[in-house]
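Reading the structure
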Amino acid sequence: MKKINRRSFIKVGYGVVFGTAIGPGITLLQTRAEGSSKSASSENRWGMVIDSNRCTEDCTACIDSCRTENNVPLFGDPRFDSHWIRKVKAVPKTGGQTRYLPMLCNHCEHPTCQHVCPVAATFTRKDGIVLIDEHRCIGCRYCMIACPYKARTFIFKKTEKWPNPDVPKRSKGVVEKCNFCVNRIDKGKLPACVKACADKGENAMIFGNLNNPDSGISWYLRQYAPKQLRADLGLEPKVYYRGI
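Residues numbered from 1 in each chain as written. Predicted model: local features only at pLDDT ≥ 70, side-chain atom pairs only at ≥ 80, totals over all residues. Heavy atoms only, no water.

**Some thoughts on the nonpolar core**
The nonpolar side chains of a soluble globular protein tend to be buried, and buried together. Membership of the largest hydrophobic core comes to 35 residues, with the highest contact counts inside it found for Met48, Leu104, Phe180, Met205 and Tyr241. Counting residues per element, the ones that place at least two in this core are β3 (46-51), α3 (61-70), β5 (99-103), α6 (182-185), α7 (192-199), β10 (205-209) and β12 (239-242). Ignoring anything within four residues of it in the chain, the contact list for phenylalanine 180 reads Trp46, Gly47, Met48, Leu104, His107, Ile129, Ile185, Pro191, Phe207 and Val239. Formed by twelve residues, the second largest nonpolar core is a distinct cluster that contains Cys113, Val130, Ile132 and Ile138. (Core = buried A, V, L, I, M, F, W, Y, C linked by side-chain atoms within 4.5 Å. Buried < 20%, exposed > 50% of the residue type's maximum accessible area, 1.4 Å probe, protein only. Helix = DSSP H or I, 4+ residues; strand = E, 2+ residues; numbered from the N terminus. Contact = heavy atoms within 4.5 Å.)

Right under this line is the structure:
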């Protein structure tokens, strides 16, 4: 009898399962994904503000802490390296001050990555965090093409070292990205990048509950009106930037 591995089985069989509708516009896989996290609450809607006025060129605290917390590997080859946060240099076309922006998954309210996933591997928790179920991902990379923020990475190689035991081991041949450090959020902690930025004294990152009008991030949005990147796309990203 011919054996078939999990990913091959999903590639062959997802069409049958994905087409099994249990309601208008709802499928079995989508329902399982949306209900997969019991720790999330719709009372929360997590978001982040990055103040580019405070983000300096040489600081890599957010990137380094993200790698340590989430076991994001560097293989020494740009073809294989993973990036949950990357820093880009923004130079105005009409003159003005150059900015250095940490770029990560924007956890959109209407994520295109989720819409194009053929197996519902990408899903949104009740608190608005966009996640990837790596057990369901078939590595098609449609989501990488659909993401306007280039925030996703395909895992070409197996990760040998695993410093943080609190983070589940990743699989080779799947897509991954920033998850706002859900393992920390669910314990009442800040994402690793936000804490590291504050510890370094930069204080360029603010994280909090957008549903709470009294939260620090809600006050900041009212006070300074930071911008969303590519707001014209109508995706309603939950990461905002001040000073751009």
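**Observations regarding the pattern of salt bridges**
Following the criterion strictly, the structure yields twelve salt bridges and no others. Note that arginine 136 and aspartate 133 form a salt bridge whose closest N and O atoms lie 3.8 Å from each other. Both residues of the pair, arginine 136 and aspartate 133, belong to the buried class. The residue arginine 230 makes a salt bridge to aspartate 232 at a minimum N-O spacing of 2.7 Å. Its relative accessible area of 59% is what places aspartate 232 among the exposed residues. Overlapping salt bridges bring together Arg45, Glu109 and Lys238 as one network. (Salt bridge = Lys/Arg side-chain N within 4 Å of Asp/Glu carboxyl O.)

**A few points about the side chain of glutamate 176**
Along the chain, glutamate 176 turns up in strand β9 (residues 175-177). The class of glutamate 176 is buried, set by a relative accessible area of 2%. There is a polar contact of 3.1 Å between the side chain of glutamate 176 and the side chain of tryptophan 84. Residue contacts for glutamate 176: discarding those within four places in its chain leaves Ser82, Trp84, Ile132, Glu134, Ala151, Arg152, Thr153, Ile155 and Arg170. (Polar contact = N/O pair within 3.5 Å; in protein donor to acceptor, adjacent residues only side chain to side chain.)

**Looking at the environment of phenylalanine 207**
Relative to the elements of secondary structure, phenylalanine 207 occurs in strand β10. In the structure, phenylalanine 207 is positioned 157 residues away from isoleucine 50 in sequence and 9.0 Å away in space, judged by C-alpha atoms.

**Some points on the packing of α3 against α7**
Where α3 meets α7, the closest approach of the two axes is 8 Å, and the angle between their N-to-C directions is 135°. In terms of axis orientation, α3 runs oblique to α7. In the packing of α3 onto α7, the handedness of the crossing is right-handed. Between α3 and α7, the residues in contact are Ala61, Cys62, Ser65 and Glu69 and Ala192, Cys193 and Ala196, respectively. (Axes fitted to C-alpha atoms, helices over the stretch in contact; angles between N-to-C directions. Parallel < 35°, antiparallel > 145°, perpendicular 65-115°, else oblique. Left-handed = near helix turned anticlockwise from the far one by under 90°.)

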